[in-house]
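Geometric and topological summary
Spelled out, the chains give:
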Amino acid sequence: MDEGQDRSFRNKSSSPRRVPVVAVVTEDEETQGVFKPMDLNHVIQLLEENDKDDLEEKQLKSVKKLVQCYQNGLPLRDLAKIFKILNLCAAKIENQHQFVESVYDILKLCSLPFLKKKVSDEITYAEDTANSVALLGYQQASSSYKAKMAEVGGLAKTMVQSITLLENQLIEKLWVLKVLQHLSTSEGNCTLMVKAQAASKICAHLNDPDPSGQLLFRSTEILWNLLEKSPKQEIIQQLSTLECLVTLKEVFKNLFMRGFSHYDRQLRNDILVITTIIAQNLEAPMIECGFTRDLILFTTFNEVKSQNPLVKGLKLSNSYEDFELKKLLFNIIVILCKDLPTVQLLIDGKVVLALLTYVKKPEKHKVMEWSAAQYEDLQLHAIATLSSVAPLLIEEYLSCQGNARVLAFLEWCESEDPFFSHGNSFHGTGGRGNKFAQMRYTLRLLRAMVHLENETVNTDLCEKGTIQQLIGIFKNIISRPNEKEEAIVLEIQSDILLILSGLCEHHIQRKEIFGTEGVDIILHVMKTDAKKLQSDLGYNVLLFSTLDSIWCCILGCYLSEDYFLEKEGIFLLLDVLALNQKKFCNLILGIMVEFCDNPKTAAHVNAWRGRKNQTAASLLIKLWRKEEKELGVRRDKNGKIIDTKKPLFTSFQEQQKTIPLPANCPSIAVMDVAENIRAKIYAVLGKLDFENLPGLSAEHFVTLCIIHRYLDFKIGEIWNEIYEEIKLENLRPVTSDKRILETITIASENIGKMVASLQSEMIESQARQDVQNEQKVYTKIQTTHKQRELANKSWENFLARTSNTKTLKKAKRLQEKAIESSKYNERTQNAVLHPTVIKGLNTTIPSGRVVTVESTPVRLLGGPLADTDIALKKLPVRGGALQRVKAVKTVDEAKKSIPI
């Protein structure tokens, strides 16, 4: 054994797989304890005994001592005895689980090189060694345990490393790949293989000669497993080398041009999927190796005739594998176009022209290589691909009359031509039996082109009547609701509004073309039930698109603005604002600010009423208070300013320290204006003049004081930042500048104090008013109680008179006395006196000649005046008595409503 092997044995950090099978031990090492004397026969005898107490503990100790003794390796001369000990321990595992660790420790020693003292030991103990190693295969264990041990032992890494040693040994290489194919089903093994650079090593040999075809199949399967069960980015990085991509390109070309079997086509598609994953890495040399150019050629050769020998005479069938290949090629074009250097190759390959050949209605009676369902899927996939490619190739798109083709196809989508859509693909979802899928992807393409803001493209679209066409499509969709495909219809409507916004923004003439018809479709969306906004179907997206179209298509065109106001558009905006959904507030308030430039808007805003008669001003103030609460602005329980030096400071501003910034960088105070809705609320209320705002309480006015001074506070805040930055930069302003800065700071603080004082007065005035209102309420309550007491007392007097004769007589006398005392004592001569009291009338109330007592039943007394002197007179009164009747004892019914 040479010195290198000896050093390898001594190096404990080296892997056991890299050390020799047998190592030499010198005399010095023997004296140091490599070969410690151990009576193995005693251990064997101890393990064979079974009938002694405390035997198990002694056996375990002896085995543990053996492991410690041979921790540097097992001597060849002792292998037979040690493996006998191993078998005895393994036999005891079934009943004594404590021996599992002992067996594991001995097996671990077997991973070390065997030791020999003499050179002749290899020959002398050759038979014992062979028999001992053979015993390892007879150890009982489950297949899962064996697989786990293979994973722990790093077998996968070793097998990967052995590939480089089998360059010209095909059979051995195939066996290694077969093993790796099985091992790669485990995530642990895949991790080990990645560390051994398995992906690049296996990929580099994909194109090696192999008549059986197993090498390519098994290698592809291994790469698939690595991509699925290990970190994808690491695999992509390993495969993104020029050598790997050249190999993949050659394999793919060979399978594309010469692979005709079902198996070859499947393998070709697998290689293309792996390539697609690699292409996601923009650093992969796809262009340098020529793979990108070939892929573009293979994608377009069917639609654009090419004289390239690679595709001359080549034709795809309508088999499932070729159909999947076509879709995979469309997909990889989308990925490749993200790398800008690919653009020129896309131009050379006429990719836009090839994709535009699918943007047309299906032609009848034409023999096509695809079935109807396959063609529909490819058509939708091509339009989706065009949405990514066309924005990069505007000149090619225009030269191919892209806008005209798209609008003509969109017109067919809207028409009532009979068309049976299969809708059985990813892109055709929701389009079964209709043209919604075609319309959906065509509008996506238009949206991508419009939002490039390329004036040539947008002008061409407007000249072709796109605005009127899209409004017409929207109106037709509204008139024919389709609840089954509601989500797709909402997406179509959203895209239409976004396209219209992109076309009309900054162009008054186009806004005029949008006109009242366009305003009508916006108002229709604004009237959507608020409950639907909580659903996940896409109403929120549609509402965002609608608000964007109000901004871009209506604002700035006075005719459209006036029509929007006449149709109560401001009311609808405020209705949505009242829903208190933060995601809409900022955009709606921005629209309100712009609309308030129209002098007619203020009347509409003030006339609006929400739930519980809420006004627009109170709604805006409520939103302000909520926003400040979320921002952590310091206010007391009444909404009053606490810190007059920093009245608008948010919790974020409090936490941030002032730092010197360049002049072109906005400070925190400036950024705060754009990051919340307070500035917009101030702008809206400012355009309403802060006066004569209806429906405000004292609490609202306390907050309105702050809003009114928002601009002053913000200016002071910015000047404070400037002053702090000057201090941090150790600059000393001149005396006049310093005086001005101090004056501004003091003035800002004084404004805060003034507003706080005004708020205090309002709060105190409201408190006094509340006390007065409370006193009025108490007075009203007292009056009510007093009236109730008088009524009760009157009732008690009435009961006393009706239930007690003496009380009645007493009351009668008092009445008569009162009457007499009220008479005029001095009488003129010859005066005629008329009696004022009817004789025989047993009442104690002032009465005339006719008294109707509704509480006395007519059937019992014969009328209310049956006992009086005028009872025999015929009276024109309902229920009047015409004859006397005998006295009848009646039930007491006087409680009802007898006047007193």
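Residues numbered from 1 in each chain as written. Predicted model: local features only at pLDDT ≥ 70, side-chain atom pairs only at ≥ 80, totals over all residues. Heavy atoms only, no water.

**Some details on the overall build of the protein chain**
The criterion, for reference: In DSSP terms, a helix is any run of H or I states spanning at least four residues, a strand is any run of E spanning at least two, and both are numbered starting from the N terminus. Method for areas: the Shrake-Rupley scheme with a 1.4 Å probe, in which residue coverage is limited to the protein chains shown.
Assigned secondary structure in the protein chain consists of 43 helices and 2 strands. Counting every atom, the protein chain has about 50700 Å² of accessible surface; 53% of that belongs to carbon and sulfur.

**Quick notes on the packing of helix α28 (residues 486-504) against helix α29 (residues 508-526)**
A pair of packed helices is captured by two measures, namely the crossing angle of their axes and the spacing between those axes. The cut-off we apply is this: Inter-axis angles, ranging from 0 to 180 degrees, are taken between N-to-C directions of lines fitted to C-alpha atoms, where helices are fitted over the stretch in contact. The cut-offs work like this: below 35 degrees is roughly parallel, past 145 is roughly antiparallel, 65 to 115 is roughly perpendicular, and the gaps in between are oblique. A crossing counts as left-handed when the near helix is turned anticlockwise from the far one by less than a right angle, and as right-handed when that turn is clockwise. Residues count as neighbours in contact if any of their non-hydrogen atoms are within 4.5 Å of one another. Under this grouping Gly is polar, as are all residues other than the nonpolar Ala, Val, Leu, Ile, Met, Phe, Trp, Tyr, Cys and Pro and the charged Asp, Glu, Lys and Arg.
Two elements in contact, α28 and α29, have axes whose closest approach is 10 Å; the angle formed by their N-to-C orientations is 155 degrees. With respect to α29, the element α28 is oriented roughly antiparallel. Helix-helix and strand crossings are classified by hand; for α28 and α29 the assignment is left-handed. Counted together, L497, L500, L503 and C504 of α28 and R510, K511, F514 and I521 of α29 form the full contact between these two elements. Here the contact of α28 with α29 is composed, by residue class, of 6 nonpolar, no polar and 2 charged.

**Quick notes on the pattern of salt bridges**
Spelled out, the test is: For this document, the term salt bridge refers to a Lys or Arg side-chain nitrogen within 4 Å of an Asp or Glu carboxyl oxygen. Each residue gets one of three labels from its accessible area relative to the maximum for its type: buried under 20%, exposed over 50%, partly exposed in between, using a 1.4 Å probe on protein chains only.
For the structure shown, the criterion picks out 26 salt bridges. For R447, the salt bridge is made with D495, and the minimal N-O distance between the two is 2.7 Å. Of this pair, R447 sits in helix α25 (residues 436-450) while D495 sits in helix α28; the two residues are 48 residues apart in sequence, bridging distant segments of the chain. By relative accessible area, which is 30% here, R447 ends up partly exposed. Using a relative accessible area of 2% as the deciding quantity, one classes D495 as buried. For D672, the salt bridge identified is with K714, shortest N-O distance 2.9 Å. Placement of the pair is D672 in helix α37 (residues 668-675) and K714 in helix α40 (residues 710-728), with a sequence separation of 42 residues.

**Let's talk about the packing of aromatic side chains**
For the record, the criterion: Within 6.5 Å between ring centres, the rings of Phe, Tyr and Trp (the latter by its six-membered ring) count as paired, and their orientation is classed by plane angle as stacked under 30 degrees, edge-to-face over 60, tilted in between.
Scanning the model with the defined rule gives 16 aromatic pairs in all. Each ring, one from F252 and one from F291, has its centre 6.2 Å from the other, and the planes form 55 degrees; the classification is tilted. Placement of F252 in helix α16 (residues 242-258) and of F291 in helix α18 (residues 291-300) is noted, with a sequence separation of 39 residues between them. Like F252, the residue F291 is buried in the burial classification. Ring plane angle 50 degrees and centroid distance 4.9 Å describe the contact between F544 and F584, whose orientation is recorded as tilted. Remark: F584 occurs in helix α33 (residues 582-595) and F544 occurs in helix α30 (residues 539-554); sequence separation between them is 40 residues. On the basis of relative accessible area, F544 is assigned to the partly exposed category, the value being 32%. Judged by its relative accessible area of 1%, F584 is buried.

**A look at the packing of helix α35 (residues 616-631) against helix α38 (residues 678-687)**
Interhelical geometry of α35 versus α38 gives an angle of 160 degrees and a closest axis separation of 10 Å. Viewed along their axes, α35 and α38 adopt a mutual orientation that is roughly antiparallel. The handedness of the crossing between α35 and α38 is left-handed. Every residue of α38 that contacts α35 at A617, L620, I621, L623, W624, E627, E628 and L631 is listed here: R678, I681, V684 and L685. Residues belonging to the contact of α35 with α38 are distributed by class as follows: 9 nonpolar, no polar and 3 charged.

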